[in-house]
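A look at the structure
Each chain, written out:
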Amino acid sequence: MALVITDQPIPLRADTKGTIRIGQTRVSLDLVVAAFQQGASAEEIVQAWPTLDLGDVYAVLAFYLHNQAAVDSYLLEQQEAEAIRQQITTRQHPDPLRARLLALRGQPSQ
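Definitions and cut-offs
Residues numbered from 1 in each chain as written. Predicted model: local features only at pLDDT ≥ 70, side-chain atom pairs only at ≥ 80, totals over all residues. Heavy atoms only, no water. Axes fitted to C-alpha atoms, helices over the stretch in contact; angles between N-to-C directions. Helix = DSSP H or I, 4+ residues; strand = E, 2+ residues; numbered from the N terminus. Parallel < 35°, antiparallel > 145°, perpendicular 65-115°, else oblique. Contact = heavy atoms within 4.5 Å. Nonpolar A, V, L, I, M, F, W, Y, C, P; charged D, E, K, R; others polar. Salt bridge = Lys/Arg side-chain N within 4 Å of Asp/Glu carboxyl O. Buried < 20%, exposed > 50% of the residue type's maximum accessible area, 1.4 Å probe, protein only. Patch = residues over 30% accessible without salt bridge, like charges linked within 9 Å, V, L, I, M, F, W, Y side chains within 5 Å. Areas by Shrake-Rupley, 256 points an atom, 1.4 Å probe, with all protein chains shown as cover.

**Notes on the packing of helix H1 (residues 29-37) against helix H3 (residues 54-66)**
Following both chains from N to C, one finds H1 and H3 inclined at 75°, their axes separated by 11 Å at the closest point. Here H1 is positioned roughly perpendicular relative to H3, judged by the angle of their axes. On H3, the residues that touch Leu29, Val32, Val33, Phe36 and Gln37 of H1 are Val60, Leu61, Tyr64 and Leu65. Of the residues assigned to the contact of H1 with H3, the class counts are 8 nonpolar, 1 polar and no charged.

Structure (structure tokens):
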């Protein structure tokens, strides 16, 4: 039997807010890349986020290694956007009712 070689789609998707996620999980690309940059293997990444598929992690890491400049640029844009969100949040006067409701839900107030 001959081995059939097929192209596999890269298991990355953008959610409604533009964050790149791995497969159908909520794990973001930045988390996987950061773990990899800190020396984690694909297996260790899957241990940290068990919803990930090992094959998907290897595919994402291969994509990252082949497109490192573009991925690093995307990650930098994400960091800058988060910094701007934090600045806006700190400038706003928190609504006491919203803070109480978030506290009841167990979420940090913003």
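**Focus on the pattern of salt bridges**
For the structure shown, the criterion picks out 2 salt bridges. A salt bridge links aspartate 15 to arginine 21; its shortest N-O distance comes to 3.0 Å. Note that arginine 85 is salt-bridged to glutamate 82, the shortest N-O span being 3.1 Å. Of this pair, arginine 85 and glutamate 82 both sit in helix H4 (residues 68-91), 3 residues apart, roughly one helical turn. For arginine 85, a relative accessible area of 44% translates into the label partly exposed.

**Some points on a nonpolar patch on the surface**
On the surface, Leu97, Leu101 and Leu104 cluster together into a nonpolar patch covering about 340 Å² of accessible area. Take leucine 104: it is sitting in helix H5 (residues 96-105). Relative accessible area serves as the criterion here: at 75%, leucine 104 is assigned to the exposed category.

**Thoughts on H5**
For H5, the tally of buried residues reaches only 1 of 10 residues, placing the bulk of the element at the surface. Positive phi shows up at glycine 106, right after H5, with a value of about 85°.

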